[in-house]
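# Observations on the model geometry
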Amino acid sequence: MIDKTVQEAAAMAGGVLAGAADPSVRIAGVSIDSRTVQPGNLFVPIPGERFDGHDFVLDSWRAGAKAVLWQADHGNPPEGLPAIVVKDTLAALQQLAAAYRRERSAQIIAVTGSNGKTTTKDMIAAVLSRSYKVHKTAGNYNNHLGLPLTLLQMPEDAEFAVLEMGMSGRGEIASLSNIARPDAAVITNIGEAHLMQLGSREAIAAAKLEILTGLREDGVLFYNGDEPLLERALQAIENGSYPEGLRMPAGLVRFGASPHNDVYPTAVLMDEDGTRFTVNGLPDEPMRIPLWGRHNVVNAAIAIAVARRFQVDWADIREGLANLKPTVMRAEIIRTPDGVTVLNETYNASPTAMRAALELLAELHGFRRKIAVIGDMLELGDQEEEFHSRIGRDIDPKDIDWVLTYGRLASFAGKEAGKRFPTGHVLMFQEKEAVVRELCRLASDGDVILVKGSRGMRMEDIVRGFLEARGVRQSG
């Protein structure tokens, strides 16, 4: 992590020391939350809509912070508190992270996309970690605050950092890319998330391509070659007709499900422990990931492509993927003592991700019955009802036995699915407790349950309620 004198940190952040600050005092690490401050940290108070971090600087000091940033328009910092005065604490945090990144020799892999960012980030880190010392984004700490904090936590001897980049609107990925200056960039796919803010998939693609803004001149882009929007945009960048003025990367590597890509799966087989697969150019022995689904095999293909680019051998790639520890609530497989399997996909949902999860459920074999629990998909703009209806029309009663919906929008999927399913096999709810009760009544030994919905729906409450009723306590 960053370890500097207060004077050095002030210069890096573009600030000046308040009169009482000892320039030789050292800070180690950065926090923006007074409740998580560790002794020696620099505390960065961020003004927000509901809270202003400046109200908690004394709490951070009592928790062991060695110094604080202080925004100039908040008056004078508390008497005797070592402070670095800056014009804007958020901008100073980002500037500090960018300066720290420039000092470090670690190679940066930046990952963005509409779906699969976190799983792909975890996979890349897992395979690189077999050969290198790797730092990665914790959870989905991927925004204008999370990315600079992740960089500032990077050990000084890290050889790689795998950073997730999320966004809600235009300009955000460009800002993160300029802070991180990645050596390689990954775009997993272009989906429908953020349609409400951006208006079209073309605009979403343009926002994701902002990752090229800070890509180093010799950098390489790994991108989904099955997405025509990306192919067209890259052709426009190459011939100079792209309106964003982006520079073509030095290297391009295409991945995807189709054989026209540089890296693609050649065989996929799911079993009770996960998915086995091969990819083109891979030795005959299959790879294995402890996750289900063809979409996760494509994510693994990305990790393989990145690892091969950085000279990781096949044996280490195989071991890294087999021992993957995925972030919770993403393709998490949980088994109850009475023989029910829960596929916890509750972190987020878009039409693309929901469709992939339902296709996965349909492809699973060896289960007595399959139950889909789907919640609202949010931020889809004025087409939100139609997107949900399409999902319902796509669910085939030959592949899935029961459908339970939670939320107003998900009921549109339920109404469409109900036209094809046997009477009583599609149930719609507006309360999570009712969903849990129905699952407890319905599910038994040999069944598999998929639970998926947008982050704002907190579908993990349904998973937790069901598991607790079955005697399973989740950590965290």
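The rules behind the values
- Residues numbered from 1 in each chain as written.
- Predicted model: local features only at pLDDT ≥ 70, side-chain atom pairs only at ≥ 80, totals over all residues.
- Heavy atoms only, no water.
- Helix = DSSP H or I, 4+ residues; strand = E, 2+ residues; numbered from the N terminus.
- Rg over C-alpha atoms; globule rule 2.2 N^0.38 Å.
- Buried < 20%, exposed > 50% of the residue type's maximum accessible area, 1.4 Å probe, protein only.
- Contact = heavy atoms within 4.5 Å.
- Areas by Shrake-Rupley, 256 points an atom, 1.4 Å probe, with all protein chains shown as cover.
- Phe/Tyr/Trp six-rings, centres within 6.5 Å; stacked < 30°, edge-to-face > 60°.
- Lys NZ or Arg CZ within 6 Å of the ring centre and 35° of its normal.
- Core = buried A, V, L, I, M, F, W, Y, C linked by side-chain atoms within 4.5 Å.
- Pairing = 2+ DSSP bridges.
- Axes fitted to C-alpha atoms, helices over the stretch in contact; angles between N-to-C directions.
- Polar contact = N/O pair within 3.5 Å; in protein donor to acceptor, adjacent residues only side chain to side chain.
- Left-handed = near helix turned anticlockwise from the far one by under 90°.
- Parallel < 35°, antiparallel > 145°, perpendicular 65-115°, else oblique.

A word on the overall build of the protein chain. Along the protein chain, the regular secondary structure elements total 16 helices and 22 strands. Scaling as 2.2 N^0.38, a compact globule of 476 residues should have a C-alpha radius of gyration of about 23 Å, and the protein chain matches this with 24 Å. Principal-axis analysis of the C-alpha atoms gives the protein chain an extent of 75 × 50 × 40 Å. The burial tally for the protein chain puts 57% of its 476 residues in the buried class. Of all intrachain contacts in the protein chain linking residues separated by at least 6 positions in sequence, the fraction that spans at least 24 positions is 67%. As displayed, the protein chain offers around 19700 Å² of accessible surface, 47% of which is attributable to carbon and sulfur atoms.

All told, the structure shown has 3 aromatic pairs when counted by the stated rule. Consider the rings of Phe160 and Phe310, whose centres lie 5.0 Å apart with planes at 75 degrees: the pair is edge-to-face. A residue pair is termed long-range when its members are at least 10 positions apart, and Phe160 in strand S10 (residues 160-164) and Phe310 in the loop between helix H10 (294-309) and helix H11 (314-322) qualify at 150 residues. According to the relative accessible area criterion, Phe310 is buried, its value standing at 10%. The interplanar angle of 80 degrees and the centroid separation of 5.9 Å between the aromatic rings of Trp292 and Phe367 together place this pair among those described as edge-to-face. Of the two residues, Trp292 sits in the loop between strand S16 (287-289) and H10 while Phe367 sits in the loop between helix H12 (351-363) and strand S19 (370-375), which places them 75 residues apart along the sequence. Accessibility expressed as a relative area gives 0% for Trp292, which makes it buried. Joined through ring pairs, the aromatic side chains of Tyr132, Phe160 and Phe310 make up one cluster. Sitting above the plane of the Trp314 ring, Arg308 keeps its charged end 4.5 Å from the centroid. In this structure, Lys415 is placed above the aromatic ring of Phe412, and the distance from its NZ or CZ to the ring centre is 5.1 Å.

Within the largest apolar cluster, 61 residues are counted, with the highest numbers of intra-cluster contacts made by Val30, Leu42, Leu151 and Leu209. Among the elements that make up this core, the one with the highest residue count is helix H3 (residues 89-103) (7 residues). Not counting chain neighbours up to four residues away, the residues in contact with Leu209 comprise Ile187, Leu230, Ala233, Leu234, Tyr242 and Leu246. Among the nonpolar cores identified, the runner-up in size contains 40 residues, and Ile109, Ala126, Val298 and Ile304 belong to it.

So, on to the pairing of strand S7 (residues 83-86). When strand S2 (residues 16-17) meets S7, the two strands line up antiparallel, connected through 2 bridges. What sits directly across from Leu17, in S7, is Ile84. Here 4 bridges tie strand S6 (residues 67-71) to S7, and the two strands are oriented parallel to one another. Counted as the bridge partner of Gln71 is Val86 from S7.

Okay, the sheet that holds S7 next. Taken in spatial order, the 5 strands line up as S2-S7-S6-S5-S4 in an open sheet, and their pairing is mixed. Edge positions in the sheet fall to S2 and strand S4 (30-31), since each has one partner strand and no second. Sheet topology note: the S4/strand S5 (residues 42-43) ladder contains 2 bridges and is parallel. What sits directly across from Ser31, in S5, is Phe43. Along the sheet, helix H1 (residues 6-13) makes contact with S2, S6 and S7, crossing S7 at roughly 10 degrees.

Burial runs high along strand S18 (residues 341-345): 5 of the 5 residues are buried. Taking every second residue as pointing to the same face, both faces of S18 are buried, with Thr341, Leu343 and Glu345 on one and Val342 and Asn344 on the other. What sits between strand S17 (residues 332-335) and S18 in their antiparallel hairpin is a turn of 5 residues, with Gly339 showing a positive phi close to 90 degrees. In this structure, S18 lies alongside strand S22 (residues 448-452), joined through 5 bridges in parallel fashion. Residue pairing in the sheet places Val342 in a bridge with Ile449 of S22.

A separate point is the side chain of Thr278. Residue placement: Thr278 occurs in strand S15 (residues 274-279). Classification of Thr278 as buried rests on a relative accessible area of 17%. Here the side chain of Thr278 touches Thr266 through a polar contact of 2.6 Å, side chain to side chain. With residues near it in sequence (within four places) discarded, Thr278 still touches Tyr264, Pro265, Thr266, Ala267, Asp284 and Pro286.

Where helix H13 (residues 384-394) meets helix H14 (residues 410-418), the closest approach of the two axes is 7 Å, and the angle between their N-to-C directions is 35 degrees. Crossing handedness for the pair H13 and H14: right-handed. Mapping the contact onto sequence places Glu385, His388, Ser389, Ile391, Gly392 and Arg393 in H13 and Ala410, Phe412, Ala413, Glu416 and Ala417 in H14.

With that settled, consider the sheet that holds S16. Each strand in a sheet pairs with another by means of backbone hydrogen bonds, the pair being arranged parallel or else antiparallel. If you walk across this open sheet you meet the 3 strands as S14-S15-S16, and the pairing is antiparallel. Taken across any chain shown, the strands that pair with only one partner, and hence form the sheet edges, are strand S14 (265-271) and S16. On average, each strand axis in the sheet is tilted by 25 degrees relative to the strand beside it, whichever way the strands run. With 3 bridges joining them, S15 and S16 adopt antiparallel strand pairing. In the sheet register, Thr275 faces S16, and the bridge partner there is Ile289.

With that out of the way, let us pick up the packing of helix H4 (residues 117-128) against H10. Contact geometry for H4 and H10: axes closest at 9 Å, N-to-C directions at 40 degrees. Between H4 and H10, the angle falls in the class oblique. Between H4 and H10 lies a crossing whose hand is right-handed. Packed against H4, whose contacting residues are Thr119, Thr120, Met123, Ile124, Val127 and Leu128, the element H10 presents Asn296, Asn299, Ala300, Ile302, Ala303, Val306 and Ala307 at the interface.

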